[in-house]
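Summary of structural features
So the chains spell out like this:
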Amino acid sequence: MTETRAAFDRATLAFLFVLFAVTAARIVALFYIPLGLYFDEAQYWAWSRSFEWGYFTKPPLIAWVIGATTFLAGTDAEWAVRLGAPIAHAVAASALFILGRSMYGAWPGFWTAFGWLMLPGVWFSSSLISTDALLLPLWSIALLAMWRLMNTHAWVWAVVLGVAIGLGVQAKYAMFYFFLCSAVAAWWLPPMRQALGQGRGIVATLIAAAMITPNFIWNVQNGWATARHTAANAHFDNTEMFNLDELFEFVFGQAGVVGPVIFFVLIWALWRAWSRSSGLSTEEKFLIAYVIPPFVIISAIAFISRANANWAAVAYPGLLLLVTGMLFASANGRRTLVAATLVNIAIGVSFVAVIAFNPALANQAKGVRTARNWEETANEIARRAVVQPGELPFSAVMVDDRATYFELNYYWRQARREGAPLPPVRMWLLHGTANNSAESNDPMRTEEGGRVLVVHLSPEYLPLVATDFTSFRTVEHLTVPLGGGVNRELEISIGEGFAPLPRDEAFEARFRQQMG
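Here's a quick rundown of the structure. Not measured: the values here are computed from a predicted model.

Once that is clear, we can look at the overall build of the chain. A tally of helices and strands in the chain yields 27 helices and 5 strands. Radius of gyration (C-alpha) of the chain: 25 Å, near the 24 Å computed for a compact globule of 516 residues. In terms of overall dimensions, the chain has C-alpha extents of about 80 × 45 × 45 Å along its principal axes. A fraction of 76% describes how many contacts in the chain between residues 6 or more apart in sequence connect residues 24 or more apart. Accessible surface, the chain: about 22300 Å² in total, of which carbon and sulfur atoms supply 64%.

Quick look at the structure:
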């Protein structure tokens, strides 16, 4: 292990230059991203309007961060909502630089941090606010704290460890993997067991528990809403279980997140570690302990049901440190490391260029087109929602999709502040209980159902929605161009006398029949 010998040597200065240049460029780019808020970003913004210890589908940190960035920026424009993302990745890169330097030396620390900033997944993640963007710097800090605790036994690192884990859980429950990974590392490494002894591990755990407790209490008071949603994401109720295609999609999806060269180097590194498990260094054992458990668990979930590529995101800091440390040990490895970083830079630049200059190609990705032109969509709906001459006003605007709900909620914010006579936005409750934040917070109410403008993003629901009104007619098909020949298609209806049918077995049978 190489300790820090100079506070501002060439590697540190190079890192600081890259860090500030890349982060500044990404913050500036937020002003020019030609995409509106994704619906989950709009959802997080809605949560940020009030301070809570938990929200329907996520722990509270993301709402707190958005509340802070929009307050400090003095605006809740899209760039201010997203401002926490590039800053968070800068914090992650800083922690990885310090950890890489402590493990392998100054320049391996630089290449780890630079490599982090250039990962394809980080290019993408820096352009939108997400729970992963906030989780990963806290995981990286916890990883640094655990390593320094193992090597110094200093109590300050036990405190930092507890704070990082506690905040990490408030960002995303995937932070709980840190306990499992630490157990594996302690089983494998006697120095880890010694570091956690004499009460240091207990202090770190108590600090983390104290920070997690308010969210735990919130979940208890709210029927375990966030915890139930997190468990439901795994889709263990899927009737088509044991899917090799889902497993392969998850595994090879990692190549798109960390870059193809790093992905295949990782496979080589793990195979090399397996073949010489008795000769692994302390650094390698430590990092493998924080890489393998999340991958194994999420791979199992993918095989049983399904898993998104980012579900194993907590493994990426250790993964990058492991690959960089192994490659930096030889001249050929260093050349491979440079090549891997250049490939990732090319992927990232191509991603930015396609989003900015080629909407036809960008819109082939569902995630891109779902974020386009929501402001225009909201404006079109607003024109239809205001009082028309000779007509009665609408008592509500009801939507049948949570994306529409949160996008209208966000993009009508300024008009509402200026006093525009827009009706309240309400969510149609498909089932008997709320299954998302929109249904929980603002379900359609019978007392607001006199005359309702109904906006269908899911036209297959239209016959079911119609039966919830005493009078119902479809009046218009609305097409909103998204660019590149892609459109957003909505059906506009007017319903009167909202009187929803009981969500009994007969209704559920009709729903299943309607959905085919």
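Past the structure itself, the notes keep going.
Moving on to the packing of helix α10 (residues 177-188) against helix α16 (residues 282-289). Two quantities define a packed helix pair, namely the angle between the helix axes and the distance between the axes. Taken N-terminus to C-terminus, the directions of α10 and α16 make an angle of 150°; their axes are 8 Å apart at the nearest point. It follows from the interaxial angle that α10 and α16 lie roughly antiparallel. Taken as a pair, α10 and α16 cross one another with a handedness that is right-handed. Taking contact as the criterion, the partners of C181, V184, A185 and W188 in α10 are, on α16, K285, I288 and A289.

Evaluated as defined, the whole model comprises 16 salt bridges. Between E41 and R82 there is a salt bridge, with its nearest N and O atoms 2.8 Å apart. Pair noted here: E41 is in helix α2 (residues 39-48) and R82 is in helix α4 (residues 78-82), with a separation of 41 residues, a long-range link. Summarising the burial analysis for this pair, E41 and R82 share the class buried. Where R426 meets D442, a salt bridge forms, and the shortest distance between an N and an O atom there is 3.2 Å. You can see R426 sitting in strand β2 (residues 425-427) and its partner D442 sitting in the loop between α25 (437-441) and β3 (451-456), a full 16 residues away along the chain. For R426, a relative accessible area of 12% gives the class buried. Residue D442 is classed as buried on the basis of its relative accessible area, which comes to 18%.

Let us look at the environment of Q414. Along the polypeptide, Q414 turns up in helix α24 (residues 413-417). Between the C-alpha atom of Q414 and that of D76, which follows or precedes it by 338 residues, the distance is 9.7 Å.

This part covers a nonpolar patch on the surface. A cluster of nonpolar side chains, namely F216, I217, V220 and W224, defines an oily patch on the protein surface of about 370 Å² accessible area. Relative to the assigned elements, I217 resides in helix α12 (residues 200-221). When its relative accessible area of 41% is taken as the criterion, I217 is described as partly exposed.

To continue, consider the nonpolar core. Formed by 134 residues in total, the largest nonpolar core has its most connected members in W116, F178, F286, Y290 and W412. With 14 residues, the single largest contributor to this core is helix α8 (residues 131-152). Here W116 is in contact with H89, A92, A93, L96, V122, L136, Y316, P317 and L320, once residues within four sequence places are set aside.

Basis of the calculations
- Residues numbered from 1 in each chain as written.
- Predicted model: local features only at pLDDT ≥ 70, side-chain atom pairs only at ≥ 80, totals over all residues.
- Heavy atoms only, no water.
- Helix = DSSP H or I, 4+ residues; strand = E, 2+ residues; numbered from the N terminus.
- Rg over C-alpha atoms; globule rule 2.2 N^0.38 Å.
- Contact = heavy atoms within 4.5 Å.
- Areas by Shrake-Rupley, 256 points an atom, 1.4 Å probe, with all protein chains shown as cover.
- Axes fitted to C-alpha atoms, helices over the stretch in contact; angles between N-to-C directions.
- Parallel < 35°, antiparallel > 145°, perpendicular 65-115°, else oblique.
- Left-handed = near helix turned anticlockwise from the far one by under 90°.
- Salt bridge = Lys/Arg side-chain N within 4 Å of Asp/Glu carboxyl O.
- Buried < 20%, exposed > 50% of the residue type's maximum accessible area, 1.4 Å probe, protein only.
- Patch = residues over 30% accessible without salt bridge, like charges linked within 9 Å, V, L, I, M, F, W, Y side chains within 5 Å.
- Core = buried A, V, L, I, M, F, W, Y, C linked by side-chain atoms within 4.5 Å.

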